[in-house]
Amino acid sequence: MAAGEAALGRTADRLFSLSGLFAVYKPKGPTSAGVLNQLRERLLAEAGVQTNENKRNKVLKMGHGGTLDSAAAGVLVVGIGKGTKMLKTMLTGSKKYTAIGLLGKATDTLDATGRITEEKPYDQITKGDLENVLQKFTGDIMQVPPLYSALKKDGERLSTLMKRGEPVEAKPARPVKVYSISLQQFQPPLFTLDVECGGGFYVRSLVSDIGKELSTCATMQELTRTKQGPFTLEEHALYEDKWTIDEIARSLEHCTSLLPGEPSHKKLKTENPGETAVSCE
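Residues numbered from 1 in each chain as written. Predicted model: local features only at pLDDT ≥ 70, side-chain atom pairs only at ≥ 80, totals over all residues. Heavy atoms only, no water.

In the nomenclature of an unreviewed UniProt entry, the protein chain corresponds to Pseudouridylate synthase TRUB1 from the organism Piaya cayana. Turning to the protein chain, the UniProt record has this under Sequence similarities (unreviewed entry): "Belongs to the pseudouridine synthase TruB family." (UniProt positions renumbered as here; feature names shortened; annotations may be inferred.)

Quick look at the structure:
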């Protein structure tokens, strides 16, 4: 028994010594905060650390570097230990997405989870029409964020207020940066885009705006974040079967080389990085 306890103690020590940034795969369904909580629970259980739900974040400090919608999947950057202070860089860095849009239908949430609010014909739209429109959304543009979003009013998320049926005014258009958009597939009514953008950009709004520009309407069917800062889905995102202390330690070591030098992190403090919600989707 004593040997087992000692081994658990060493595992716990190793867990609490972890520090830095790594990436996990967030599946469709759970919230970004939900994925983070699940990861934290898994690690504390492996280390044999028992604590109640309210104290888990104090026992093991973790945060994520930018909310992904529940319906979206892909790269979620996680900070652990002192790494939580480095998460702010993830909110402003570039991100890449693959999005599938649906022509001819609009929803109140701008994605497939919402209620259909409008239907319009789309048969007249060609691949060339769509490619030409994409040029208008490249570069420094103005974008109105969705009403159903993690942006906040009086400390509450707009999406929470909307679900309660409270009146919510659209946030004003704000400047966002789009590095590139390319059309990958066009099989009406579906079209697939690859998008690289800066912080604060909503792909749902882009798909909706593209529909309006084509004199129809459009809603986003699927969204996958394929890159956030230097972290890519293919190379760096740990799937759930790799959520172990050993795998995360290896990932932290591997990911250190992707990040800028230590001095640039000292001023990047965030109060509660896991709750920050100013990034894409």
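The rest of the description comes next.
**Examining the overall build of the protein chain**
Helices and strands together make up the secondary structure of the protein chain, namely eight helices and 14 strands. For the protein chain, the proportion of its 281 residues judged to be buried stands at 47%. A sequence separation of at least 24 residues applies to 73% of the contacts in the protein chain between residues at least 6 apart. Carbon and sulfur atoms make up 50% of the accessible area of the protein chain, which amounts to about 14,100 Å² in all. (Helix = DSSP H or I, 4+ residues; strand = E, 2+ residues; numbered from the N terminus. Buried < 20%, exposed > 50% of the residue type's maximum accessible area, 1.4 Å probe, protein only. Contact = heavy atoms within 4.5 Å. Areas by Shrake-Rupley, 256 points an atom, 1.4 Å probe, with all protein chains shown as cover.)

**Remarks on the packing of aromatic side chains**
To describe a pair of aromatic rings, one takes the distance between the centres and the angle between the planes. Enumeration according to the criterion identifies one aromatic pair in this entry. Here the aromatic rings of Tyr 25 and Tyr 239 are separated by 4.5 Å at their centres, their planes lie at 20 degrees, and the arrangement is stacked. A residue pair is termed long-range when its members are at least 10 positions apart, and Tyr 25 in strand S1 (residues 20-26) and Tyr 239 in the loop between strand S14 (237-238) and helix H8 (245-256) qualify at 214 residues. Assessed through its relative accessible area of 21%, Tyr 25 is described here as partly exposed. (Phe/Tyr/Trp six-rings, centres within 6.5 Å; stacked < 30°, edge-to-face > 60°.)

**A closer look at H8**
A rise of 1.5 Å per residue sets the reference length of H8, with its 12 residues, at 16 Å; its end C-alpha atoms lie 16 Å apart and thus fit the reference within 8%. Listed as buried for H8 are Ile 245, Ile 248, Ala 249, Ser 251, Leu 252 and Cys 255. Considered in projection along H8, the buried side chains sweep an arc of 165 degrees and stay on one side of the axis. (Expected span 1.5 Å × (residues − 1). Arc of directions from axis to C-beta.)

**Here's the deal with the UniProt feature "domain: tRNA pseudouridylate synthase B C-terminal" (unreviewed entry) in the protein chain**
Feature annotation in UniProt assigns "domain: tRNA pseudouridylate synthase B C-terminal" (unreviewed entry) to the following positions: residues 204-236. What you have in residues 204-236 is 30% helix and 39% strand, and the ends, taken at the C-alpha atoms, are 25 Å apart.

**Thoughts on the pattern of salt bridges**
A complete count under the given rule lists eight salt bridges for this structure. A salt bridge links Arg 204 to Asp 69, with the shortest nitrogen-to-oxygen separation between them at 2.9 Å. A residue pair is termed long-range when its members are at least 10 positions apart, and Arg 204 in helix H7 (residues 203-213) and Asp 69 in the loop between strand S2 (62-64) and strand S3 (73-80) qualify at 135 residues. Given a relative accessible area of 2%, Arg 204 falls into the buried group. (Salt bridge = Lys/Arg side-chain N within 4 Å of Asp/Glu carboxyl O.)

**Regarding the environment of Arg 14**
Structurally, Arg 14 is set in helix H1 (residues 2-17). Separated by 235 residues in sequence, Arg 14 and Ala 249 have C-alpha atoms that sit 8.8 Å apart.

**Side note on the pairing of S1**
Most of S1 is tucked away, with six of its seven residues classed as buried. In the sheet, S1 pairs with S3 via seven bridges, with the strands oriented antiparallel. Counterpart to Leu 21 in the pairing with S3 is Gly 79. (Pairing = 2+ DSSP bridges.)

**Digging into the environment of Pro 175**
Position of Pro 175 among the secondary structure elements: in strand S10 (residues 174-187). Separated by 31 residues in sequence, Pro 175 and Val 144 have C-alpha atoms that sit 9.0 Å apart. Apart from residues no more than four positions distant in its own chain, Pro 175 is found in contact with Ile 141 and Met 142.

**Overview of H7**
Most of H7 is tucked away: eight of the 11 residues are buried. Residues of H7 that are buried: Val 203, Arg 204, Ser 205, Leu 206, Val 207, Ser 208, Ile 210 and Gly 211. Buried residues belonging to H7 abut strand S4 (95-103), helix H5 (127-134), strand S7 (139-143), S10, strand S11 (190-197) and strand S12 (218-228). Immediately downstream of H7, the backbone of Ser 215 shows phi near 60 degrees, a positive value.

**What to know about the nonpolar core**
Formed by 29 residues in total, the largest nonpolar core has its most connected members in Phe 191, Leu 193, Phe 201 and Ile 210. Elements with a minimum of two residues in this core: S4, H5, S10, S11, H7 and S12. Of the residues forming this core, the biggest block, five residues, is contributed by S10. Core analysis: the next-biggest nonpolar cluster, separate from the first, contains 22 residues, Leu 36, Ile 80, Trp 243 and Ile 245 among them. (Core = buried A, V, L, I, M, F, W, Y, C linked by side-chain atoms within 4.5 Å.)

**A short note on the environment of Phe 16**
Inspection of the secondary structure assignment puts Phe 16 in helix H1. Overall, Phe 16 belongs to the partly exposed group, its relative accessible area being 40%. In the structure, Phe 16 is positioned 229 residues away from Ile 245 in sequence and 9.9 Å away in space, judged by C-alpha atoms. In contact with Phe 16, other than residues within four places in its own chain, are Leu 44, Val 49, Val 59 and Leu 60.

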